[in-house]
Amino acid sequence: MVRAFIMLKTTTGQTEALSETLGGIDNVTAVNVVAGDFDVIVESEAEEVYDIINSVSAQIRDLEAIVDTKPYLCLEEAPDTFRSEYPFFFMLHSSVDRE
C-alpha cells in the first residue's frame, strides 16, 4: 500500500466547495482544510504509486479551482505510539473523511 499527501493551493473562496469534490476522487482517503502556505491537504492511498499519480494528474489538477499541487509520497509511517502520545496534533484540522 502506498500513501501520499497532496498539498493544494486553491482560488480564493473555493476551498469549502472543493472539499466535497475532492472527497469523491479515486484513492482520496481524507481532505483537510488547513491554514498556511497551502489551503488543502489531501490524503491518498492506493496499491501502486502510479494509481496515486494518476489520481493527482488526471483528476485533481484538472479541477478549475486548483492553482497548484505538491504531492509527497509517504516513505515511512510513524508508529501508533506517536498518535497516542500526541492526540492533539491529529485534532487540529478540519477533515472530511471518506471511508
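Residues numbered from 1 in each chain as written. Predicted model: local features only at pLDDT ≥ 70, side-chain atom pairs only at ≥ 80, totals over all residues. Heavy atoms only, no water.

> Which residues make up the pattern of salt bridges, and what values go with them?
Under the definition given, this model contains 3 salt bridges. A salt bridge links Glu 43 to Arg 3; the shortest N-O distance between them is 2.9 Å. Pair noted here: Glu 43 is in strand 3 (residues 40-46) and Arg 3 is in strand 1 (residues 2-10), with a separation of 40 residues, a long-range link. Per residue, the accessibility class of Glu 43 equals that of Arg 3, and both read buried. Note that Arg 3 and Glu 45 form a salt bridge whose closest N and O atoms lie 3.7 Å from each other. Here the residue Arg 3 occupies a position in strand 1, and Glu 45 occupies one in strand 3, the gap between them amounting to 42 residues. Arg 3 gets classed as buried once you look at its relative accessible area, which sits at 16%. Residue Glu 45 is classed as partly exposed on the basis of its relative accessible area, which comes to 32%. Sharing partners across several salt bridges, the network here consists of Arg 3, Glu 43 and Glu 45. (Salt bridge = Lys/Arg side-chain N within 4 Å of Asp/Glu carboxyl O. Helix = DSSP H or I, 4+ residues; strand = E, 2+ residues; numbered from the N terminus. Buried < 20%, exposed > 50% of the residue type's maximum accessible area, 1.4 Å probe, protein only.)

> Break down the packing of aromatic side chains for me, citing the residues and quoting the values.
We describe a pair of aromatic rings using the distance from one ring centre to the other and the angle between the two ring planes. Applying the stated criterion to the full structure yields 0 aromatic pairs. Between Lys 9 and the ring centre of Phe 38, over which it is positioned, the NZ or CZ distance is 5.8 Å. (Phe/Tyr/Trp six-rings, centres within 6.5 Å; stacked < 30°, edge-to-face > 60°. Lys NZ or Arg CZ within 6 Å of the ring centre and 35° of its normal.)

> Before we move on, can you summarise the environment of Leu 73 with the specific residues and values?
Take Leu 73: it is sitting in strand 4 (residues 66-73). In sequence terms Leu 73 and Phe 5 are 68 residues apart; their C-alpha atoms lie 6.4 Å from each other. Look past the residues within four positions of Leu 73 in its chain and what remains in contact with it is Val 2, Arg 3, Ala 4 and Val 49. (Contact = heavy atoms within 4.5 Å.)

> I'd like a rundown of the nonpolar core, residues and numbers included.
One finds Leu 8, Leu 22, Val 40, Val 42, Ile 52 and Ile 60 to be the most contacted residues of the largest nonpolar core, which totals 17 residues. For this core, the secondary-structure elements that each account for two or more residues are strand 1, helix 1 (15-23), strand 2 (28-33), strand 3 and helix 2 (49-60). The biggest single contributor to this core is strand 1, with 4 residues. Residues within four places of Leu 22 in sequence aside, it is in contact with Leu 8, Val 28, Val 31, Val 40, Val 42, Ile 60 and Leu 63. (Core = buried A, V, L, I, M, F, W, Y, C linked by side-chain atoms within 4.5 Å.)

> Would you mind going over the environment of Gly 13 in detail, with residue names and values included?
Following the sequence through the fold, Gly 13 ends up in the loop between strand 1 and helix 1. Classification of Gly 13 by relative accessible area gives exposed; the value is 68%. Sequence separation between Gly 13 and Ala 65 is 52 residues; the distance between their C-alpha atoms is 9.2 Å.

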